[in-house]
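This is what each chain is made of:
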Amino acid sequence: MYSKIVVPFFILFLFSLNGIAQDCTLDVGGKNFDILIKVFQMNAQQISKMETLRAELGVETKVMEDEIQKLFDNHPQSTPEELTTLSKKYTVFQEKIVMASKAADKMLLSSFNEKQYDRYLELCYEAIREPIKVIPLRLNDSIVAPE
């Protein structure tokens, strides 16, 4: 049962290994958010934060994708120079999408307690990925006191 939860999580990290450790992303905006909830045993507050981050990232990504489509539709593409220019402009949009995704991951990771963050680090190192550095909440800080 445990491996059914962990194996898909590792797939997120193992797309390609080229000798350099790549960022260890959670892919908050991806389709496997329910796996994240299970693997990290997220509480209701963290789940709510992740849903908010997913929605914000979705809006930001949609704007970038629309801009990319406009770029492809309107940019001249008949000479090698024009294609090179198009490629450079496209790369800028792709980098913005990656940065937005990484920022969402970082915000979610900052809501993790020490135990959850340690689990994240363990999975990153097993997948030969570079973890996103945040300061996790102390276990006592992550418990909301009743009012």
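Up top you'll find the structure we're talking about.
The present account deals with the structure reproduced in this document. (Residues numbered from 1 in each chain as written. Predicted model: local features only at pLDDT ≥ 70, side-chain atom pairs only at ≥ 80, totals over all residues. Heavy atoms only, no water.)

### Comments concerning the side chain of Gln46
Inspection of the secondary structure puts Gln46 in helix H3 (residues 44-74). On the basis of relative accessibility, which here comes to 4%, the residue Gln46 falls in the buried class. In terms of polar contacts, Gln46 uses its side chain to reach the backbone carbonyl oxygen of Ser111, at 2.8 Å. Setting aside its immediate chain neighbours within four residues, Gln46 contacts Gln41, Leu108, Ser111, Phe112, Asn113 and Gln116. (Helix = DSSP H or I, 4+ residues; strand = E, 2+ residues; numbered from the N terminus. Buried < 20%, exposed > 50% of the residue type's maximum accessible area, 1.4 Å probe, protein only. Polar contact = N/O pair within 3.5 Å; in protein donor to acceptor, adjacent residues only side chain to side chain. Contact = heavy atoms within 4.5 Å.)

### What about the state of the cysteines?
The tally for this structure, following the rule as stated, stands at one disulfide. Note that Cys24 is cross-linked by a disulfide to Cys124, the S-S spacing being 1.9 Å. Torsion about the S-S bond of the Cys24 and Cys124 cystine: about -90°, corresponding to left-handed handedness. Taken together, the positions of Cys24 in strand S1 (residues 22-24) and Cys124 in helix H5 (residues 114-126) put the pair 100 residues apart, joining distant regions of the chain. In this structure Cys124 comes out as buried when scored by relative accessible area, which is 0%. (Disulfide = S-S within 2.5 Å.)

### Here's the deal with the nonpolar core
Core analysis: the biggest nonpolar cluster contains 23 residues, and Leu26, Phe40, Leu108, Leu109 and Tyr120 have the highest contact counts within it. Of all the secondary structure elements, the ones that give two or more residues to this core are helix H2 (33-39), H3, helix H4 (80-109) and H5. Looking at this core, the element that brings in the most residues is H5, giving five residues. Met64, Ile68, Leu71 and Phe93 belong to the second largest nonpolar core, which has six residues in total. (Core = buried A, V, L, I, M, F, W, Y, C linked by side-chain atoms within 4.5 Å.)

### A look at the packing of aromatic side chains
Inspection of the entire model under this criterion finds three aromatic pairs. Their ring planes at 35° and their centres at 5.6 Å tell us that Tyr117 and Tyr120 sit as a pair that is tilted. Of the two residues, Tyr117 and Tyr120 are both situated in helix H5; the distance of three residues between them amounts to about one turn of the helix. Residue class for Tyr120 comes out buried when judged on its relative accessible area of 0%. (Phe/Tyr/Trp six-rings, centres within 6.5 Å; stacked < 30°, edge-to-face > 60°.)

By themselves, these figures tell us nothing about what the structure is for.
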